[in-house]
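Residue-level structural notes
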There are 2 protein chains.
Amino acid sequence: MPSPTPLSPALLTDRYELTMLAAALADGTADRDCVFEVFARRLPHGRRYGVLAGTGRFLEALADFRFGDAELAALRAQGIDDPRLLEHLAGFRFTGDVDGYAEGDLYFPGSPVLTVRAPFGQAVLLETLVLSVLNHDSAIAAAGARMVGAACGRPCIEMGSRRTHEEAAVAAARAAALVGFSATSNLAAGARYGIPTTGTSAHAFTLLHDEEAAAFRAQLDTLGVGTTLLVDTYDTEQGIRTAVEVAGPELGAVRLDSGDLAIQATSARELLDSLGATKTRVIVTSDLDEYAIAALAAAPVDGYGVGTSLVTGSGAPTVGMVYKLVERDGVPVAKNSEGKRSVGGRKHAVRRHDAAGTATAEVVSPAPVTAGEHDRQLVVPLVRGGQLVEPRTPAQALTAARELHERVRGTLPQEAWSLSRGEPAIDTVTA
Amino acid sequence: MPSPTPLSPALLTDRYELTMLAAALADGTADRDCVFEVFARRLPHGRRYGVLAGTGRFLEALADFRFGDAELAALRAQGIDDPRLLEHLAGFRFTGDVDGYAEGDLYFPGSPVLTVRAPFGQAVLLETLVLSVLNHDSAIAAAGARMVGAACGRPCIEMGSRRTHEEAAVAAARAAALVGFSATSNLAAGARYGIPTTGTSAHAFTLLHDEEAAAFRAQLDTLGVGTTLLVDTYDTEQGIRTAVEVAGPELGAVRLDSGDLAIQATSARELLDSLGATKTRVIVTSDLDEYAIAALAAAPVDGYGVGTSLVTGSGAPTVGMVYKLVERDGVPVAKNSEGKRSVGGRKHAVRRHDAAGTATAEVVSPAPVTAGEHDRQLVVPLVRGGQLVEPRTPAQALTAARELHERVRGTLPQEAWSLSRGEPAIDTVTA
C-alpha cells in the first residue's frame, strides 16, 4: 500500500476559502485590496500573558503554498471544478505584504500579532494555515513559558511527543525551545530546528534484561558514566543503590518517574549523598505541569522532564486567534455579530514601559502611535511583495525568536509570574 | 529559503529509543523476542468509554518507517554516531507482528488496543510513533462520538482545522469522520481520506462587499440557491430577510455563528417560515461542544458545525495510552513503579454481551478467554511478518473503521450516553 503523496500546505485549508474565492472572482471583488489581521479577543482563561509562536513556521509554509497538479487534481476529485477558480489557483503566488509581532514576543487581548495585506484572492487563502500554526504553537509556548518560570532556572526538557499528533510534536518541541526549554526528546525537532536532543532509557530497557544491574551496566557501557539511569522500575531505593554500585559515584543522574516526586527526590538525594554520589543529579518526570514544578521548588531536583501538560497547552490547547478582514480598498470594515464585534482598520501597536523597563500597557490603535523613550514599536515587516524581508533558516528563525523571548519576558511585571488565574498583566488600550 | 526536506516518520521518535537500542545491540539483548502492549490505564476523567482511532494511520506510517541517508545524516548531526546502531537503523525493516482492536472499536481501562511482537531492536523504535498517532486520534474520536451522540441524528460537520496544528487538523477530520461526522471543512482530509468536504463563506466575504445583498448575490450566483448564507455579520434579522429576498424561498440554509444560538435559531426558524422559506435549514456554529449541542436538542436546528472543542478533545486532548514491554523471550515482565504497576504477559480480550446484545464486561487476561454466544473476540491480526494482513487504501481503512464504530456504539449500555462524568460504562475484568 503506497503512502499518500505529500501535498502542498495549500490543501491545509478550509473549503470555504475556495468557495468565497470562486464567488469573488466571478463578481470582480477578488482584486480588492484587503488587510486581514490576526489577533486573540482574550487570553485563555486566567492567563496573564500570551507568547506569540509559529510565525517562522508560517513563513516557511507560505513559501511552499502552491497549487500544483496534484493539488488541483485533489480539488477536482472533491467537485471543485470552477475553471476560473482553478486557473487562479494554478497561478497563485503570494505577492502581498505580511507584518507582525516578532516571533517570541508577548501578546495581549487585541494585539495585532500578524497582518496580511494582499488582494482578497490571495489573502483569503491563508486563513486556515496561519491560524493553525499560530494557535497551536502559541498555546504550547504559553504553557512552556509558565513552566520555565516555575522552574526558576532549573533546566526543563521537552518529552511530550507521544502525547500529541506526531507532527504537532515537532512543532511543540520547537515552541518549547523558543520559551527556554533546554532540550527535547524529539529527533525530528533536532533535525529540523537544531534543538539539542536528549534521551537515555525507559522501563522497558530494564525489563528487557534479566536483572536491573545488567540493564544499568549495558547503558553505562554504551553511553558512559555521565548518563541518566532510570531507577524506579522495581524498588527505587534498591535501584539507586544498584545504580551507584554499578556506575560508581561519578554517575551523571538518576531519573524518578513515579510516586510523590518531592518525597522521592528528597530520599534519592539523601541516599545518593550517603553513597558518595554527591554530584549525581536527580531528574524528575511523570505528569509534571507548571504547578507540580512550582511545588517541587524546595525539593532537591536538578531538572524536569515535561510531557503531556506541555504539548496539550496545560489546559489551553489552543489560544483562539482569529483572522479578520479589517480593511478593504483602504476602508476600515468590521462585523457587528453579537459578542464578536471587531474594530476595523489596520492596527499600530506599541508597548509602553516605565523608566525601569517594566511593561505598563499595550497600545493598539488604527491611528499611528508615538513611542516614548522607553516604549517599543511591536509591528515589524516580515514579507514585502511576497519576499521574506529577512530570509533565515528554520534554526536561525528559532534562535532569533528564543533570544527575543528571553529579553521580553524580563519586562513583564512581577504579578505576571503568578500561576494563579488572573487578569492580563497589562491592559490593552487605544492610544 | 528552501523548505525542510521531508523526513521519514522514523525521526518522529524519541531519542531514548535509539540510546536503548545502541546499548541493547552492544550487549546482545536487541535480539530478544519482545511483546509491547498499548493500553490506557484509565479513561480521561469521567468519560464512559474510549474510541480507538489512528490504527490505520499508524499502519500507513509503519510502511514508511525507514532510516534513509537523510535520516542517518540527521542523526549523525545530533551526535548519534555509534556505527553498530547506524548500521542496524540503515537496514531496519519491520518484520514483526502487530495485533490489536479493530480501528473504531470501543476500549476501556486496560484494553490491549495494540500489541507489537518483534525483536527488541525493532519494537523499541515504534513507541513514539504509535503513541502519538493513537493518543491524538483516539482523543478526537472520543470527543466526536459524544458530540454525535448529543446531536441525536442531526448532522455534525467538522470545521476545527484552524484551532489545531495544521497536520493534526487532517487527522482530526479523519477521526471525526470515523465516529459519524458527515463532512469536514479540511481539503487535505478530503484528498487523503475521501471525506466529503463542505464550505460556503465567512464574515470576510460579506465585509468584502459594499452591501450584504451583493455578497449574498455573488455567493448564490456561483454556488447556487442550495448554498448556506452566513446571516449574522451585521443584524441577523435583517440578514435573513435579505437572504430570502435575494435567494428566494428555495435557499438551502442559513448559518448562525454568534449570540445565544437557541434563541437565534428559534427566531431564525420563525422568520424563515414567515417568509415562506420553510425548507431552508438552520445551521449553527460558534464554540459548540457536546454540552452545547445537547442543550440545542429542542431548538429548530438542522446541523452543527463543530470546531475548537472537537479538535482539542473537549477537555481531554490526549488519552494517556502507554506502550509497555509485557513479555520478553516468552516470560511475562512488568514494572512495579508506584502508582504505575503493570500486568505482565500478552493479553487476550473478549467483550461480553447480554442476550440483547448490550455490552456487559471487557475481559482482559494473559490467559486465553473463551467467548460465549453473544461475546466478541476483540483482538485481530493486523501485520504478520511485517506485511499488512489486509492491505487497504487510506479511504478504505477509514470506511471500515467508520462502519465498525457505527455497529459497536449500538452495543453500549444506555448510561454510556450520559454526558455527565461517571465510571466506565462496563468494567474491565480478568477472566
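What you see is a predicted model, and the numbers here were worked out from it, not measured in a lab. (Residues numbered from 1 in each chain as written. Chains lettered and ligands numbered in written order. Predicted model: local features only at pLDDT ≥ 70, side-chain atom pairs only at ≥ 80, totals over all residues. Heavy atoms only, no water.)

**Things to note about the pattern of salt bridges**
The full count for this structure, using the stated rule, is 46 salt bridges over all chains. One salt bridge in this structure joins Glu290(A) and Arg146(A), with 2.8 Å as the shortest N-O distance. In this pair, Glu290(A) is assigned in helix α13 (residues 290–295) and Arg146(A) in helix α6 (residues 127–151), connecting sequence segments 144 residues apart. Given a relative accessible area of 1%, Glu290(A) falls into the buried group. Note that Asp329(B) and Arg32(B) form a salt bridge whose closest N and O atoms lie 4.0 Å from each other. One end of the pair, Asp329(B), is in the loop between β12 (321–328) and β13 (331–332); the other, Arg32(B), is in the loop between α1 (15–27) and β1 (33–40), with 297 residues separating them in the sequence. The exposure class assigned to Arg32(B) is buried, which follows from its relative accessible area of 18%. Salt bridges sharing partners connect three or more residues here, namely Arg32(A), Arg328(A), Asp329(A) and Asp210(B). (Salt bridge = Lys/Arg side-chain N within 4 Å of Asp/Glu carboxyl O. Helix = DSSP H or I, 4+ residues; strand = E, 2+ residues; numbered from the N terminus. Buried < 20%, exposed > 50% of the residue type's maximum accessible area, 1.4 Å probe, protein only.)

**Let's talk about the relation of the copies chain B and chain A**
Each of the two copies of the chain can be brought onto the other by a rotation about an axis and a shift along it. Once turned by 180 degrees and shifted 0.0 Å along the axis, chain B lies on chain A with an RMSD of 0.0 Å. Accordingly, the operation relating the two chain copies is best matched by a two-fold axis. (Least-squares fit on C-alpha atoms with pLDDT ≥ 70 in both.)

**As for the UniProt feature "domain: Nicotinate phosphoribosyltransferase N-terminal" (unreviewed entry) in chain A**
Under the local residue numbering, the UniProt record ascribes the feature "domain: Nicotinate phosphoribosyltransferase N-terminal" (unreviewed entry) to residues 11–135 of chain A. A distance of 18 Å separates the end C-alpha atoms of residues 11–135 of chain A, which is 42% helix and 18% strand. (UniProt positions renumbered as here; feature names shortened; annotations may be inferred.)

**Section: the interface of chain B and chain A**
It is common to give the size of an interface as the accessible area that goes away when the parts come together. The interface of chain B with chain A comprises 104 residues on the first partner and 104 residues on the second. Counting the surface lost from both chain B and chain A, the interface buries some 8,500 Å², and carbon and sulfur atoms represent 59% of this. Remark: the boundary between chain B and chain A carries 10 salt bridges. Note that Asp14(A) and Arg162(B) form a salt bridge whose closest N and O atoms lie 3.0 Å from each other. In this structure, the connection of chain B to chain A is made through 56 residue pairs in polar contact (both at pLDDT 80 or more). Class assignment of the residues belonging to the side of chain B that touches chain A gives a composition of 43 nonpolar, 36 polar and 25 charged. (Contact = heavy atoms within 4.5 Å. Buried area = accessible area lost by both parts, 1.4 Å probe. Polar contact = N/O pair within 3.5 Å; in protein donor to acceptor, adjacent residues only side chain to side chain. Nonpolar A, V, L, I, M, F, W, Y, C, P; charged D, E, K, R; others polar.)

**Digging into helix α10 (residues 212–223) of chain B**
When the terminal C-alpha atoms of α10(B) are compared, their 16 Å separation across 12 residues agrees well with the 16 Å that a helix rising 1.5 Å per residue should span. Here α10(B) has its buried residues at Glu212(B), Ala213(B), Ala215(B), Phe216(B), Ala218(B), Gln219(B) and Leu220(B). If you follow the buried residues of α10(B), they end up packed against α1 (15–27) of chain A together with α9 (203–208), β8 (228–230) and α11 (236–247) of chain B. Looking at the residues trailing α10(B), positive phi occurs at Gly224(B), about 90 degrees. (Expected span 1.5 Å × (residues − 1).)

**Observations concerning the side chain of Thr236(A)**
Looking at the element boundaries, Thr236(A) is found in helix α11 (residues 236–247). Contacts of Thr236(A), omitting those with residues within four sequence positions, involve Val231(A), Leu256(A) and Gln264(A).

**A short note on the environment of Val383(B)**
All names here are of chain B. Residue placement: Val383 occurs in strand β17 (residues 379–384). Accessibility expressed as a relative area gives 1% for Val383, which makes it buried. For Val383, the residues in contact, after removing those within four places along its chain, are Leu59, Leu62, Phe94, Gly96, Asp97, Val98, Leu388 and Val389.

**Brief notes about the pairing of strand β10 (residues 281–284) of chain A**
Residue and element names in this part refer to chain A. Inspection of the sheet shows strand β9 (residues 253–256) paired to β10 by 4 bridges, in the parallel sense. Each bridged residue has a counterpart across the sheet, and for Val254 the counterpart in β10 is Val282. Handedness of the β9-helix α12 (residues 261–274)-β10 crossover: right-handed. Pairing geometry for β10 and strand β11 (residues 303–306), over 2 bridges, is parallel. The residue bridging Ile283 from the neighbouring strand is Gly303, located in β11. Each parallel crossover has a hand, and for β10 linked through α13 to β11 it is right-handed. (Pairing = 2+ DSSP bridges. Right-handed = clockwise from strand over helix to strand, strands pointing away.)

**Here we look at the sheet that holds strand β14 (residues 348–353) of chain B**
Residues and elements named next belong to chain B. Across the sheet, which stays open at both edges, the 4 strands sit in the order β16-β14-β15-β19 with mixed pairing between neighbours. Each edge of the open sheet is held by one strand with a lone partner, namely β16 (376–377) and β19 (427–429). Alignment of strand β15 (residues 359–365) against β19, held across 3 bridges, turns out to be parallel. Following the sheet pairing, Glu362 is matched in β19 by Thr428.

**Some points on the domain arrangement of chain A**
The domain architecture assigned to chain A consists of domain 1 (9–140 + 316–415) and domain 2 (200–284). Computed from C-alpha coordinates alone, the two centres of domain 1 of chain A and domain 2 of chain A are separated by 47 Å. (Domains from an automatic or database assignment.)

**Looking at the packing of helix α7 (residues 166–178) of chain A against helix α15 (residues 394–409) of chain A**
Residues and elements named next belong to chain A. Interhelical geometry of α7 versus α15 gives an angle of 40 degrees and a closest axis separation of 8 Å. By the angle class used here, α7 and α15 are oblique. Contacts between α7 and α15 involve Arg174, Ala177 and Leu178 from the former and Leu398, Ala401, Arg402 and His405 from the latter. Considered class by class, the residues forming the contact of α7 with α15 number 4 nonpolar, 1 polar and 2 charged. (Axes fitted to C-alpha atoms, helices over the stretch in contact; angles between N-to-C directions. Parallel < 35°, antiparallel > 145°, perpendicular 65-115°, else oblique.)

**Quick look at the sheet that holds strand β10 (residues 281–284) of chain B**
All names here are of chain B. Taking strand neighbours across the sheet as the criterion, the 6 strands line up as β7-β6-β11-β10-β9-β8 in an open arrangement whose pairing is parallel. In this open sheet, the two strands that pair with only one neighbour each are β7 (183–184) and β8. Relative to β7, strand β6 (residues 156–158) runs parallel, the two being bridged by 2 bridges. Bridging across to β7, Ile157 finds its partner in Ala183.

**Examining the environment of Ile293(A)**
Residue and element names in this part refer to chain A. Here Ile293 shows up in helix α13. On the basis of relative accessibility, which here comes to 0%, the residue Ile293 falls in the buried class. Apart from residues lying up to four places away in sequence, Ile293 is in contact with Met147, Ala150, Ala151, Leu288, Tyr304 and Val306.

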